[in-house]
Each structure stands twice: as C-alpha cells, then as structure tokens.
Amino acid sequence: MSEDARSEDVAPEGVPWHRRLRDSPLGSVLVLAVTALVVLGGVWLVGVLRGDDGVSSVELAFDADPVEIGQPAPGFTAKTVDGQQISLEDLRGRPVWLLFGATWCANCRAEAPDVQAVHEARDDVVIVAVYVGEGTKTVSGYAEEAGLTYQQIADPDTRLGSTYRARALPRHVLVDADGIVRRIDVGGVDRATADARLDELSAR
C-alpha cells in the first residue's frame, strides 16, 4: 500500500475526539485546568475532614463540667516551666487571660507574637498559657525559641485542659479580677482583637 493511501486511511476525521482534544493546544490547557481543580478540591476536602477552620483538636483525659460565662473559673495550682508555683486564687484581684494551646498548633504559634506584644505593653492583665498534652522540656524550649516571657504551664496529662474543656486550640478564657469567667473564644487572635477584649475585661 502506498504512503498516500495509508494517510487517507487515518484521516483526522477518523481520530477519536478525545485524542484530537488531547493533542491540541486547547486540550492541554483544559487538562491542566481540570488537574488544578482536582488538586484544589482534594486540599479542600482534606481540610474539611481535619476540621481546618482555624483551630486544632486535642484529646483530653476526662470530661469536666462545662466552663460557663458568668460563673467562677475552676481553680487550679500548677508550676510554670521555670519552676514557679502559680494558682488562680493567688491571681485574684487582677484579670487573667488563660490561653490554652500547643507548640504544634499552627494558629497558636501564629498568635504568639501578638500575645507577647500584649504582655509587654500592659500590666493590667496576667497572661497564663497552658500547653495541653505537652511536657515541660518541649514547652520550655518553644517559649525560649519564640521569646515568650508570659507565664507558661506544661499540661502533659491534660488535667488543666480537661478541666477547662479545651478540646479545640487555641482556646481563650478571660477571667475578671473577681475570678468570674467573662468570655470564652476559640481560634487565633491578633493584637487589636486581644487588646479590645482585654480592655473590656479590665473595665469591669
């Protein structure tokens, strides 16, 4: 059979549409677009399954009674990572910002510089960070590396986290000078938001 005859036998009209589309410039663009959509959809689905809504989940040792706004904050005594003993009762007379987080929590790490800035700028509020499920060595190393100088408490057995039902991190519990819970928030905060909340707390 001649080469001309073979060429006629495989005329473009006989090529399947998907092969013609794949081999065309427009087809290449469409394939890339569909691939990108599939990848983005997968990322979104993974985020949904992980609960990626600005918080991180942690398992707690036990279920305590709910911490309710307008009620006394559950008391506790603990040691900071630098060996100082601290109790909520001893802090009575000053508002307290209890911040439950973890060194591996992305939003906790992201808000840490703003929390430190608040700590350095105002002395009307005591900031106490509780690292749920983490030991002293891990917390101490992280705080030193990040330059955090507010109170840092390791909570390896999740006792404090469980008491305050801190399943979603970061969790912010604002306690007034009389030891009453005035606000509970979940998710990262920036400097302006933190200052506004603390101004409201201090004004009580």
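Since we're looking at a predicted model, the values are computed, not measured.

(A) Representation of the packing of aromatic side chains. Following the criterion strictly, the structure yields three aromatic pairs and no others. A ring pair is formed by F76 and Y164, whose centres lie 6.5 Å apart and whose planes are at 80°; its orientation type is edge-to-face. With a gap of 88 residues between them, F76 in the loop between β1 (56-57) and β2 (77-79) and Y164 in the loop between α6 (159-163) and β7 (168-169) connect regions that are remote in the sequence. In this structure, F76 and Y164 share a single accessibility class: buried. Taken together, a centroid distance of 5.2 Å and an interplanar angle of 35° make the contact between F100 and Y164 tilted. You can see F100 sitting in strand β4 (residues 96-101) and its partner Y164 sitting in the loop between α6 and β7, a full 64 residues away along the chain. On the basis of relative accessible area, F100 is assigned to the buried category, the value being 1%. A relative accessible area of 0% places Y164 in the buried class. Three or more aromatic residues joined by ring pairs make a cluster, and in this case those are F76, F100 and Y164.

(B) Representation of the pairing of strand β8 (residues 171-175) in the model. Most of β8 sits inside the fold, with five of its five residues counted as buried. The alternating pattern of β8 places R171, V173 and V175 and H172 and L174 on opposite faces, both of which are buried. Hairpin connection from β8 to strand β9 (residues 181-186): five residues lie between these consecutive antiparallel strands, with G179 at a positive phi of about 85°.

(C) Expanded view of the environment of V118. Locating V118 in the fold gives a position in helix α4 (residues 106-121). It is 7.1 Å that separates the C-alpha atoms of V118 and D195, two residues lying 77 residues apart in sequence. In this view, V118 contacts W97, I127, R191, A194, D195 and L198; residues no more than four positions away in its chain are not counted.

(D) View of helix α5 (residues 136-146). Those residues of α5 not exposed but buried are V139, Y142 and A143. For α5, the arc enclosing every buried residue in end-on projection is 95°, short of the 170-degree limit, so these residues lie on one face. Along α5, the residues that are exposed and aim more than 90 degrees away from the buried face are K137, E144 and E145. For α5, the elements touching its buried residues are α4, β5 (126-132) and β6 (151-155). With its phi angle positive at about 70°, G147 sits one or two positions after the end of α5.

Rules used throughout
- Residues numbered from 1 in each chain as written.
- Predicted model: local features only at pLDDT ≥ 70, side-chain atom pairs only at ≥ 80, totals over all residues.
- Heavy atoms only, no water.
- Phe/Tyr/Trp six-rings, centres within 6.5 Å; stacked < 30°, edge-to-face > 60°.
- Helix = DSSP H or I, 4+ residues; strand = E, 2+ residues; numbered from the N terminus.
- Buried < 20%, exposed > 50% of the residue type's maximum accessible area, 1.4 Å probe, protein only.
- Pairing = 2+ DSSP bridges.
- Contact = heavy atoms within 4.5 Å.
- Arc of directions from axis to C-beta.

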